[in-house]
Amino acid sequence: PAPSAVEEVKPKAEEARVRKTVKNVASPTGVFAPLVLGAKRVMGEQQLKELRAAVIAKHSKVIAEFVDTSESSFGQLILARMFAYADKDSNGTLDKEEVRDALRDLGFGFITEKQIGQIMKRADKDENEVIDFEEFVKDTPKVLRTNLIKLAKQNGHDLGFLA
């Protein structure tokens, strides 16, 4: 029998849990998996692992250098735009729901409710249960640095780079 619409829809928490359990397993189905598997046969597994490690290190460095621009005038402009985008009600602060939605829009669907709570607690220095722009500017680079790297790993897996 065909699955019902209810069975086909998984809650976001379930998707995140499933994704978390699969994250370190090679994906033989990603679009780049055949290329990676071919390279493994030609280069050997150890050389491919070393090449992959070098590429990941360089990519992580690019992410870090991008995040490090946050104190430049360009970085401040980007942070202001990010804050304005996240501030859906335009009240000058971000509540937990706005933070959650912004993180999801950035592709960080793997961040749990508990982690969102931790981000709110860490960033909300005046403990008023919202994040103002100054608090946002101080905490966002850390959140971006950590989660852009996690997103890159997830995408690498999903595309078959880890086959």
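Now for a quick tour of the structure. Given the structure is predicted, the values throughout are model-derived calculations rather than measurements. (Residues numbered from 1 in each chain as written. Predicted model: local features only at pLDDT ≥ 70, side-chain atom pairs only at ≥ 80, totals over all residues. Heavy atoms only, no water.)

1. Digging into the packing of aromatic side chains
Under the convention used in this document: Ring pairs shown here join Phe, Tyr and Trp side chains whose ring centres sit within 6.5 Å, with only the six-membered ring taken for Trp; geometry is labelled stacked below 30 degrees between planes, edge-to-face above 60, and tilted in between. Strands are runs of DSSP state E lasting at least two residues, helices are runs of H or I lasting at least four, and both sets are numbered from the N terminus onward. Exposed residues in this analysis have more than 50% of their type's maximum accessible area, buried residues have under 20%, and partly exposed residues fall in between, with area computed by a 1.4 Å probe over protein chains only. We count a charge as sitting over a ring when the NZ of a lysine or the CZ of an arginine lies within 6 Å of the ring centre and within 35 degrees of the ring normal.
On inspection of all chains with the given rule, the structure shows four aromatic pairs. With centroids separated by 5.2 Å and ring planes inclined at 70°, the aromatic side chains of F83 and F136 adopt a geometry described as edge-to-face. Here F136 lies in helix α8 (residues 133-159) and F83 lies in helix α5 (residues 73-86), a separation of 53 residues in the sequence. With a relative accessible area of 7%, F83 lands in the buried category. Here F136 falls in the buried class, since its relative accessible area comes to 11%. Their ring planes at 45° and their centres at 5.8 Å tell us that F108 and F110 sit as a pair that is tilted. Here F108 and F110 have matching classes, each one buried. A connected cluster of aromatic rings, assembled from ring pairs, spans F83, F133 and F136. The ring of Y85 carries the charged tip of K88 above its face, separated from the ring centre by 3.8 Å.

2. Focus: the nonpolar core
Definition in use: Each nonpolar core is a collection of buried residues, namely Ala, Val, Leu, Ile, Met, Phe, Trp, Tyr and Cys, held together in the definition by side-chain atoms within 4.5 Å. By definition in these notes, contact holds between two residues if any of their heavy atoms fall within 4.5 Å.
Counting residues in hydrophobic clusters, the biggest one holds 22 residues, and the most contacted among them are L94, V99, L103, F108, I111, I131 and F136. Only α4 (45-67), α5, α6 (96-105), α7 (113-123) and α8 provide two or more residues apiece to this core. Among the elements that make up this core, the one with the highest residue count is α8 (five residues). Other than its neighbours up to four places away in sequence, L103 contacts F108, I111, I116, I119 and V143.

3. Considerations on the environment of G30
Turning to its location among the elements, G30 is positioned in the loop between α2 (12-22) and α3 (33-43). By relative accessible area, G30 is classed as buried at 8%. Between the C-alpha atoms of G30 and F161, which are 131 residues apart in sequence, the distance is 7.4 Å. When neighbours within four sequence positions are excluded, G30 is seen to be in contact with D158, L159 and G160.

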